[in-house]
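What follows is each chain in one-letter form.
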Amino acid sequence: MPEMNIVQAVNSALDIMLERDPDVIFFGEDAGYFGGVFRTSDGLQEKHGKHRVFDTPLSEGGIAAIAFGMGINGLRPVAEIQFADYIFPAYDQIVNEIAKVRHRSGGEFWCPLTIRTPAGGGIRGGHHHSQSPESQFTHTSGINVVYTSTPYNSKGLLISAIESNDPVVVFEPKRCYRGPFYGDPHNVPTWKDHPEAEVPEAHYTVPLGKARLAMEGTECTVISWGAMVHVSEQAIKNCGISCDLIDLQTLVPWDKDAIIKSIEKTGRCVIVHEAPKTSGFGAEMAASVQERCFYHLEAPIERVTGWDTPFPHTTEWDYMPSPARIADAIMKTMEE
Amino acid sequence: MAAKKKKQVTLHVPSAPFRPGDKASFALFENEPGDLPRPNPIKCTASETTDHAYGLVRVLDFDGNASGPWDPKLTPDELREGLEHMVRMRIFDDRMMKMQRTGKLSFYMRSFGEEAVAIAQTMALENQDWIFPTYRQPGAQFVRGRDMVSMINHCIGNVEDNVKGRQMPVHYTYRDGRFISVSSPVGTQFSQAVGVAMASQYKALDECCITWIGDGSSAEGDYHYALNFASVFKPPVILNIVNNQWAISTHANLASGNPTFAARGLAYNVPSMRVDGNDFLALYAVTKWARQRAAAGEGATHIEVLTYRAGAHSSSDDPSRYRPGDEHEAWPGGDPVDRLVQHLVAIGEWSEKQQKELEERVDGEVMAAYKEAVTYGDLANGPYPSADTIFTEVYEEVPWHLQEQWDEMKKWSVD
């Protein structure tokens, strides 16, 4: 089986869907001729034509709006927002329009579009190339929210998103595009020899709404998504506690059964995300775990998150959850 | 160091040209019918439309005579059809407004004074063309054959409402007529319509998309996204700004510092026209011209429809608080219904008696539709759509977390 990084896996998903379905088109800023600033659509314009893979004006609100119009007129558009930090001009279109059109029209119109966008920190991107705004979308009904973490799920989830008849926002961990990130900025591996980098060339899907058990254990459940899945893996290895590591993959709808099953087994829960703490999706996870699993819990639920501050530039490693912080949270749950 | 004071006293904030107690005057109709040429719609450059963007395309003079190169030469039957739709719109609006006052619907918005806009423009299109309206273009549905009972069912939120009580009145959806769902956030449809047209262009279909935005909402980013994407990708779209002078209490001079809205399109290199929005023939002709451009692959046309919001913004609005009240009678464009009647009479194809008979007949039809619709329920008395409609069609299939909440709601049902 070929080995791919996330950039190649995303490229492969787009390529396959463009090949299979003439209603699929892909567009975004620098996404056409140049193949995207992260190279995710490299070569696709040349292969599929510039009527199917094209550049747009620098206009996120316009990109979302035309995707909406194309979606209700029978296409299956895939739009790239170059950085998740720049999705906010499109927010009205996503929240008030894309998410609601099926409902508001009594089911007469719907919008099968996918918005994919690189998110998260770790690339020295400062305030505005580092944010992880997933919880600003999980609060809106009518859209599904996906956060990928590996080459395998980046391809399979993107194909599921494109094939879905509902709108899907897909966040991709840009820090992990070319290698998993274990929380050490001085030691950055590639995806080489990683089991999740074995990606079939052909079409396959990773279903929406299903989590991935990235590590299996007995003492504590660590719930995470995006780049923090790998940092959590490192933390678990460092602290030596036997943990289930759940890579949520889809945030809306999240995989209730996988979470309940794991917490009932371990009785402990640590939630890790790089977005700020207040109203982060970790709050939803913590509330849901205590609602559903309270009598199985042996210890208070811990959250390890980014701080409630703007994302920093030179000091980003003090902002993002580190293996040490995550390991400390796991150990705290073990004290009870 | 502190700056020295300049002579200008303070911030410049435009005032409306008239407010309660003032006498309104308008100086907007400098062109006569025939003043402006009708350029070939094919290979027409934006600069060839400069006079049209700063002037006003007219066909009907104020005596009811049609003249000039823009006369669309509609048959008397076509003119009578347009008149009937407009009369229907006005009577329908009056009936709905009365029902709103009795609590049978929560809210209403009339098209009063602007009936020609949606009706003439939709009649100028082909049936396969997409209509992406605001709340001020419900008349397009009459042109596309929507049953009035179905429209009333929506407005009064009864069990037969095709959008299942989810949206406020006047937020129609009518897929069979290619009339796309109305949304409250103003302006969003303008840029979406460009996407609809891009999909038609991609599929190489002979269809275009028409959309409208208000003078007020043309200050939103969506207006500029639409013009820019239309300029770049040249899809078959007809982009109309309905300049009815008012956005609730905000005068058009706060939406733009440019004396004409049409002129903005020139900067985007999109051919742009300003048209008398109460002149049925001129509206029809300009829209037909835009449709010819769309069909020939010439891309977008930008049209400012100059009219006057003769009524309140909505049933929740009291315009006597912010404008004189009778000033729409001074509007130089007059009333769109009266002007078409005047024209039909002038060409010997209509009479006052026929007009009276038409109004009586349509009034009877609206009453009959109303009586039928209320047999399915109304907002004051129910029955309403099932509360289950809160949870359906949020997604294609109901996800588990919605199902859980739906089950919870059923325990507390207020039915």
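Residues numbered from 1 in each chain as written. Chains lettered and ligands numbered in written order. Predicted model: local features only at pLDDT ≥ 70, side-chain atom pairs only at ≥ 80, totals over all residues.

Q: Teacher, can you tell me more about the overall build of chain A here?
A: Within chain A one finds 12 helices and 12 strands. Summarising its shape, the C-alpha atoms of chain A cover approximately 60 × 45 × 40 Å along the three principal directions. Per-residue burial for chain A yields a buried fraction of 59% across its 336 residues. Counting contacts in chain A only where the partners sit at least 6 residues apart, residues at least 24 apart contribute 76% of the total. (Helix = DSSP H or I, 4+ residues; strand = E, 2+ residues; numbered from the N terminus. Buried ≥ 20, exposed ≤ 12 C-beta atoms within 10 Å, placed from the backbone. Contact = placed C-beta atoms within 7 Å.)

Q: I keep staring at the interface of chain A and chain B and nothing clicks. Help me out?
A: Where interface size is given, it is often the accessible area lost as the parts come together that is meant. Contacts between the two partners involve 36 residues from chain A and, on the opposite side, 36 residues from chain B. Listing elements by their share of the side of chain A that touches chain B, those giving two or more residues are helix H3 (60-72), helix H4 (91-98) and helix H5 (101-104) of chain A. Examining the composition of the side of chain A that touches chain B, we find that nine residues originate from one element, H3 of chain A, more than from any other. In terms of residue class, the side of chain A that touches chain B is built from 12 nonpolar, 17 polar and seven charged. (Nonpolar A, V, L, I, M, F, W, Y, C, P; charged D, E, K, R; others polar.)

Q: Looking at this model, I keep getting lost on the sheet that holds strand E9 (residues 243-247) of chain A. Mind explaining?
A: Note: strands within a sheet are paired through backbone hydrogen bonds, in either parallel or antiparallel orientation. Residue and element names in this part refer to chain A. Taken in spatial order, the five strands make up an open sheet running E7-E9-E8-E11-E12, and their pairing is mixed. Each edge of the sheet is formed by a strand with only one pairing partner; in this case those strands are strand E7 (212-215) and strand E12 (302-306). Strand after strand, the sheet turns through a mean of 25° between neighbouring axes, direction not considered. Direction of pairing for E7 relative to E9: antiparallel, over a ladder of three bridges. Of the residues in E9, the one forming a bridge with Met 215 is Leu 245. On top of the sheet, helix H12 (residues 323-335) reaches strand E8 (220-224), E9, strand E11 (269-276) and E12; it is set at about 165° to E12, its chief contact. (Pairing = 2+ DSSP bridges. Axes fitted to C-alpha atoms, helices over the stretch in contact; angles between N-to-C directions.)

Q: Which parts of the structure should I look at to understand the domain arrangement of chain A?
A: Residues and elements named next belong to chain A. Once the domains are mapped, chain A shows domain 1 (6-197) and domain 2 (212-335). Relative placement of domain 1 and domain 2: their C-alpha centres are 25 Å apart. Contacts between the two partners involve 29 residues from domain 1, matched on the other side by 29 residues from domain 2. Here the side of domain 1 that touches domain 2 takes four residues from strand E5 (residues 144-147), the largest share from any one element. Residue composition of the side of domain 1 that touches domain 2, grouped by class: 12 nonpolar, 14 polar and three charged. (Domains from an automatic or database assignment.)

Q: For this particular structure, what's the right way to read the sheet that holds strand E4 (residues 114-119) of chain A?
A: Residue and element names in this part refer to chain A. With mixed pairing, the seven strands of this open sheet are ordered in space as E2-E1-E3-E4-E6-E5-E10. Of all strands in the sheet, those bounded by a partner on one side alone are strand E2 (53-55) and strand E10 (250-252). Sheet twist, expressed as the average angle between the axes of neighbouring strands with direction ignored, equals 20°. Two elements, E5 and E10, share two bridges in a ladder whose sense is antiparallel. The residue bridging Val 145 from the neighbouring strand is Val 252, located in E10.

Q: Would you explain the pairing of E9 of chain A in this entry?
A: Two faces make up the sheet, and in a regular strand the side chains alternate between them. Residues and elements named next belong to chain A. With five of five residues buried, E9 lies mostly within the body of the structure. Residues Cys 243, Leu 245 and Asp 247 line one face of E9 and the alternating positions Asp 244 and Ile 246 line the opposite face, and both faces are buried. Bridging between E8 and E9 involves five bridges; their strand directions are parallel. Within E9, the position partnered with Val 222 by the bridge is Leu 245. Taking the sense of rotation as the criterion, the β-α-β connection linking E8, helix H8 (residues 228-239) and E9 turns out right-handed. (Right-handed = clockwise from strand over helix to strand, strands pointing away.)

Q: Is there a simple way to think about unusual backbone geometry in this case?
A: In terms of backbone geometry, most residues other than glycine have negative phi values and most peptide bonds are trans. The omega torsion across Val 252 of chain A and Pro 253 of chain A is -5°, close enough to zero to call that bond cis. Relative to the assigned elements, Pro 253 of chain A resides in the loop between E10 and helix H9 (256-266). With an omega dihedral of -5°, the bond running from Gly 382 of chain B to Pro 383 of chain B counts as a cis peptide bond. Examined against the element boundaries, Pro 383 of chain B turns out to sit in the loop between helix H11 (352-374) and helix H12 (400-411). Of note, the phi angle at Asp 193 of chain A is positive, near 70°, even though the residue is not glycine. In this structure Asp 193 of chain A comes out as exposed when scored by C-beta crowding, with 9 C-beta atoms within 10 Å. In the Ramachandran plot, Gln 245 of chain B falls in the positive-phi region, its phi being about 80° despite a non-glycine side chain. Take Gln 245 of chain B: it is sitting in the loop between strand E3 (237-243) and strand E4 (246-247). We classify Gln 245 of chain B as buried; it has 26 C-beta atoms within 10 Å.

Q: Mind showing me how you'd approach the packing of helix H3 (residues 115-123) of chain B against helix H9 (residues 280-295) of chain B here?
A: The relative placement of two packed helices comes down to the angle between their axes together with the axis-to-axis distance. Residues and elements named next belong to chain B. Packing of H3 against H9 leaves a shortest axis separation of 8 Å and a crossing angle of 45°. Overall, the two elements H3 and H9 adopt an arrangement that is oblique. Seen along the crossing, H3 lies across H9 with a hand that is right-handed. Within the contact between the two elements, H3 uses Ala 116, Val 117, Ala 120, Gln 121 and Met 123 and H9 uses Phe 280, Leu 283, Tyr 284 and Thr 287. Its residues assigned to classes, the contact of H3 with H9 comprises seven nonpolar, two polar and no charged. (Parallel < 35°, antiparallel > 145°, perpendicular 65-115°, else oblique. Left-handed = near helix turned anticlockwise from the far one by under 90°.)

Q: Just checking my understanding: could you explain the nonpolar core for this structure?
A: One broad trend across soluble globular proteins is that nonpolar side chains are buried collectively. Counting residues in hydrophobic clusters, the biggest one holds 201 residues, and the most contacted among them are Ile 330 of chain A together with Val 237 of chain B. In terms of residue count, H9 of chain B provides more of this core than any other element does, 10 residues in total. Setting aside residues no more than four positions away along its own chain, Val 237 of chain B makes contact with Ala 193, Val 194, Ala 197, Cys 208, Cys 209, Thr 211, Ala 230, Ala 294 and Ala 300 of chain B. (Core = buried A, V, L, I, M, F, W, Y, C linked by C-beta atoms within 7 Å.)

Q: Help me out: how do you make sense of the pairing of E5 of chain A in this one?
A: All names here are of chain A. Both faces of E5 are covered, namely the face carrying Asn 144 and Val 146 and the face carrying Val 145 and Tyr 147. Inspection of the sheet shows E5 paired to strand E6 (residues 168-173) by four bridges, in the parallel sense. Each bridged residue has a counterpart across the sheet, and for Asn 144 the counterpart in E6 is Val 168.

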